[in-house]
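# Results of the structural survey
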Amino acid sequence: MGYFVLILMAGFFVIGFIWFELIEKPKENREKRQLEKRLSELQKAVDLENQQQLSQLISEKSPILSSKADLQEKVHTLSKNTPSCKKCGEDIFTIWEINNSTLTIRCNGCKKKFIIRNDDIKNGFVKEFNTIYNSFLDLLDNYNPYLDEYQNHSYDFSSLRSDFPKCRAIIFESNGEELEAIIDSIPSDEPSRRISDKVKDNVWRRDEGKCVKCGSNEKLEFDHIIPFSKGGSNGYRNIQLLCENCNRTKSNNIG
């Protein structure tokens, strides 16, 4: 009886093996080939669509294709027209916010922010910058592999927090003397330590053009009696003439 069961089991195994090899396996192979064929056809269709999209963008001379180069040109213009930070002397700035009317830059040294209006550099500069910037973002959102050469860039968007605007990945070095007044003329969210020419004239006359500490009339500087960093104002009563040596000795003290 046991021998018969073994023969029966062996028979089922052989039949099952033959069934799999002659029927199931060829069926699986056919289905696999059909799937691969459909995927290949789909990939060809997508590839053709991507090529057609690129051809259309080129034929239409779409600004999206030149947006990277245009953005780099605008950043270069911004760099050329931005002097060093007059608060701390830093040369590196970050584009902090941008819309059609204002462009905010932030000094990477003291974190002071400056707002550049539409016509501060040239007529409509900020609006053009914003249009090109948004066009570049649209380009980056396009997953067409044929656009790789247009999308390649050096901005580190991945280092930003998800709730930060992507423009904060655009960092540039100030390289400008052309518009020296730009940092003085645009409003900031922080008070300026700049002393007006009128106050300087009045202080010079009051202190008779000499250091109030030692009487020297060489290498004179305008000093905040109560330091600006401690809340001192830029007013006439808080400014005095000190020579370079006395000013360095006073440092950040009151007096």
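Moving on: the pairing of strand β1 (residues 92-98). Within β1, 5 of the 7 residues are buried, which leaves the element mostly enclosed by the surrounding structure. Bridge count between β1 and strand β4 (residues 171-173): 3 bridges; the pairing is antiparallel. Paired with Ile-92 across the bridge in β4 is Glu-173. Both β1 and strand β2 (residues 102-107) contribute to a ladder of 5 bridges, which runs antiparallel. The residue of β2 that forms the bridge with Ile-98 is Leu-103. The hairpin turn running from β1 into β2, its antiparallel successor, is 3 residues long.

This paragraph deals with the nonpolar core. With 34 residues, the main nonpolar core has Leu-71, Leu-78, Leu-103 and Phe-129 as its most contacted residues. Contributions of two or more residues to this core are made by α1 (2-59), α2 (63-80), β1, β2, β3 (113-117) and α3 (125-140). Take this core: its biggest share by element is 8 residues, from α3. Excluding residues within four positions of it along the chain, Phe-129 makes contact with Leu-71, Lys-74, Val-75, Leu-78, Ile-95, Ile-98 and Leu-103.

For α2, spanning 18 residues, the distance from its first C-alpha to its last is 24 Å, which sits close to the expected 26 Å at 1.5 Å a residue. Residue Ala-69 marks the point of greatest curvature in α2, where the axis turns by about 35 degrees. Regarding α2, the residues found buried are Ile-64, Leu-65, Ser-67, Lys-68, Leu-71, Lys-74, Val-75, Thr-77, Leu-78 and Ser-79.

We now examine the pattern of salt bridges. Taken as a whole and judged by the stated rule, the model has 8 salt bridges. Measuring nitrogen to oxygen at the nearest pair gives 2.6 Å for the salt bridge that ties Lys-74 to Glu-128. On the criterion of sequence distance, the pair formed by Lys-74 in helix α2 and Glu-128 in helix α3 is long-range, its members being 54 residues apart. A relative accessible area of 10% means that Lys-74 is categorised as buried. According to the relative accessible area criterion, Glu-128 is partly exposed, its value standing at 35%. Between Glu-221 and Arg-248 there is a salt bridge; the shortest N-O distance is 2.9 Å. Here Arg-248 lies in helix α7 (residues 244-250) and Glu-221 lies in strand β5 (residues 220-224), a separation of 27 residues in the sequence. What emerges from the salt-bridge pattern is a single network uniting Lys-219, Glu-221, Glu-244 and Arg-248.

Okay, unusual backbone geometry next. The phi torsion at Lys-111 lies on the positive side, around 70 degrees, for a residue other than glycine. Tracing the backbone shows Lys-111 in the loop between β2 and β3. One non-glycine residue, Lys-219, lies in the positive phi region at around 50 degrees. Tracing the backbone through its elements, the reader meets Lys-219 in the loop between α6 (197-206) and β5.

Looking at the secondary structure, you find Asn-50 in helix α1. Given a relative accessible area of 15%, Asn-50 falls into the buried group.

Scanning the entire structure with this criterion turns up 5 aromatic pairs. Where Phe-136 meets Tyr-155, the ring centres are 6.3 Å apart and the plane angle is 80 degrees; that geometry is what we call edge-to-face. Separated by 19 residues along the polypeptide, Phe-136 in helix α3 and Tyr-155 in the loop between α4 (148-151) and β4 bring together distant segments of the chain. Take Phe-136: its relative accessible area is 0%, and that puts it in the buried class. Aromatic side chains Tyr-155 and Phe-157 sit 6.2 Å apart centroid to centroid with 45 degrees between the ring planes, which places their arrangement in the tilted category. Looking at Tyr-155, the relative accessible area reads 14%, which means it is buried. Taken together, the aromatic side chains of Phe-93, Phe-114 and Phe-172 make up a single cluster linked through ring pairs.

Conventions we followed
Residues numbered from 1 in each chain as written. Predicted model: local features only at pLDDT ≥ 70, side-chain atom pairs only at ≥ 80, totals over all residues. Heavy atoms only, no water. Buried < 20%, exposed > 50% of the residue type's maximum accessible area, 1.4 Å probe, protein only. Helix = DSSP H or I, 4+ residues; strand = E, 2+ residues; numbered from the N terminus. Pairing = 2+ DSSP bridges. Core = buried A, V, L, I, M, F, W, Y, C linked by side-chain atoms within 4.5 Å. Contact = heavy atoms within 4.5 Å. Expected span 1.5 Å × (residues − 1). Bend = angle between axes of the 7 residues up to and from the residue. Salt bridge = Lys/Arg side-chain N within 4 Å of Asp/Glu carboxyl O. Phe/Tyr/Trp six-rings, centres within 6.5 Å; stacked < 30°, edge-to-face > 60°.

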